[in-house]
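The residues making up each chain are set out below.
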Amino acid sequence: VPEDQADKLLLASWGLPKAVLEKYHSLGVVQMFEWQAECLMLGQVLEGRNLVYSAPTSAGKTLVAELLIMKRVLETRKKALLILPFVSVAKEKKCYLQ
């Protein structure tokens, strides 16, 4: 992330509703890693273009997907489909995203 865009590491700079930010903050998530912000700033990914990215287990891939989904749902007022690999993760995200 270029120095002039360092604020993009903060979740608060992505235009998310206060309730969403408060939920992330309660979980200790206040800012992203540089690679996560870079994913969100690539091309036209925020306008719905495709994004393929890879990172090790527990690196924060889900946060990137959640932010992209939430921004698109809130901006377009359309539904989204989130596919998760395990029932336990799906249950966790269901409670978390409600």
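By convention here, each chain's residues receive numbers from 1 onward along its written sequence. Given that this is a predicted model, residues contribute local features only at a pLDDT of at least 70 and side-chain atom pairs are listed and counted only at 80 or more, while totals for whole chains, interfaces and linings are drawn from all residues. Hydrogens and water are ignored here; the side-chain numbers use all heavy atoms of the structure.

Details of the UniProt feature "domain: DEAD/DEAH-box helicase" (unreviewed entry) in the chain
Okay, step 1: UniProt positions are given in the numbering used here, feature names are shortened, and annotations may be inferred rather than shown by experiment. Mapped onto the present numbering, the UniProt feature "domain: DEAD/DEAH-box helicase" (unreviewed entry) falls at residues 43-92.
Okay, step 2: Note that residues 43-92 is 44% helix and 0% strand, and that its end C-alpha atoms are spaced 31 Å apart. Numbering of helices and strands starts at the N terminus; helices are DSSP runs of H or I of at least 4 residues and strands are runs of E of at least 2.

So, the environment of Leu 16
Okay, step 1: Mapped onto the elements, Leu 16 comes out in the segment before helix H1 (18-26).
Okay, step 2: Buried residues are those whose accessible area, probed at 1.4 Å on protein chains only, stays under 20% of the maximum for their type, while exposed residues exceed 50% and partly exposed ones sit between those limits. Judged by relative accessible area, Leu 16 falls into the buried class, the value being 8%.
Okay, step 3: C-alpha of Leu 16 to C-alpha of Val 45: the two residues are 29 residues apart in sequence and 16 Å apart in space.
Okay, step 4: Apart from the residues lying within four places of it in its own chain, the contact partners of Leu 16 are Leu 11, Leu 21, Leu 67, Met 70 and Lys 71. We call two residues in contact whenever any of their non-hydrogen atoms come within 4.5 Å of each other.

Regarding the packing of aromatic side chains
Okay, step 1: Here a Phe, Tyr or Trp ring, Trp counted by its six-membered ring, pairs with any other such ring whose centre lies within 6.5 Å, and the pair is stacked when the planes are under 30 degrees apart, edge-to-face when over 60, and tilted otherwise. Under the counting rule described, the total for this entry stands at 1 aromatic pair.
Okay, step 2: Taken together, a centroid distance of 6.3 Å and an interplanar angle of 40° make the contact between Trp 35 and Tyr 53 tilted. You can see Trp 35 sitting in helix H2 (residues 34-41) and its partner Tyr 53 sitting in the loop between H2 and helix H3 (61-76), a full 18 residues away along the chain.
Okay, step 3: In this structure Trp 35 comes out as partly exposed when scored by relative accessible area, which is 25%.
Okay, step 4: Here, a charge over a ring is recorded when the distance from Lys NZ or Arg CZ to the ring centre is within 6 Å and its angle to the ring normal is within 35 degrees. We note Lys 8 situated over the ring of Trp 14; from NZ or CZ to the ring centre the distance is 4.9 Å.

Concerning the side chain of Gln 36
Okay, step 1: Tracing the backbone shows Gln 36 in helix H2.
Okay, step 2: Aside from chain neighbours lying at most four places away, what touches Gln 36 is Ala 59, Gly 60, Leu 63 and Val 64.

Let's talk about the layout of surface pockets
Okay, step 1: Computed from the structure, the largest pocket encloses a volume of approximately 560 Å³.
Okay, step 2: As for the largest pocket, its lining consists of 26 residues, of which Gly 60, Lys 61, Thr 62, Leu 63 and Lys 93 are closest to the centre.
Okay, step 3: Every element with two or more residues in the lining of the largest pocket is listed here: H3 and helix H4 (87-97).
Okay, step 4: Top element by residues in the lining of the largest pocket is H3. It accounts for 5 residues.
Okay, step 5: All residues other than Ala, Val, Leu, Ile, Met, Phe, Trp, Tyr, Cys, Pro, Asp, Glu, Lys and Arg, Gly among them, are scored as polar; the first ten of these are nonpolar and the last four charged. Here the residues of the lining of the largest pocket sort into 16 nonpolar, 6 polar and 4 charged.
Okay, step 6: Of the volumes computed, that of the second largest pocket is approximately 430 Å³.
Okay, step 7: With a 1 Å grid spanning the protein atoms alone, the term cavity applies to any set of points in which a 1.4 Å probe fits but cannot get out, the term pocket to an open set with protein on both sides within 12 Å along at least five of seven lines, and the term lining residue to any residue with an atom within 4 Å of a point. Val 45, Arg 49, Ala 65, Leu 68 and Ile 69 are, among the 17 residues lining the second largest pocket, the residues nearest its centre. Grid points are joined across faces, edges and corners, and a volume is the space filled by probe spheres set on the points.

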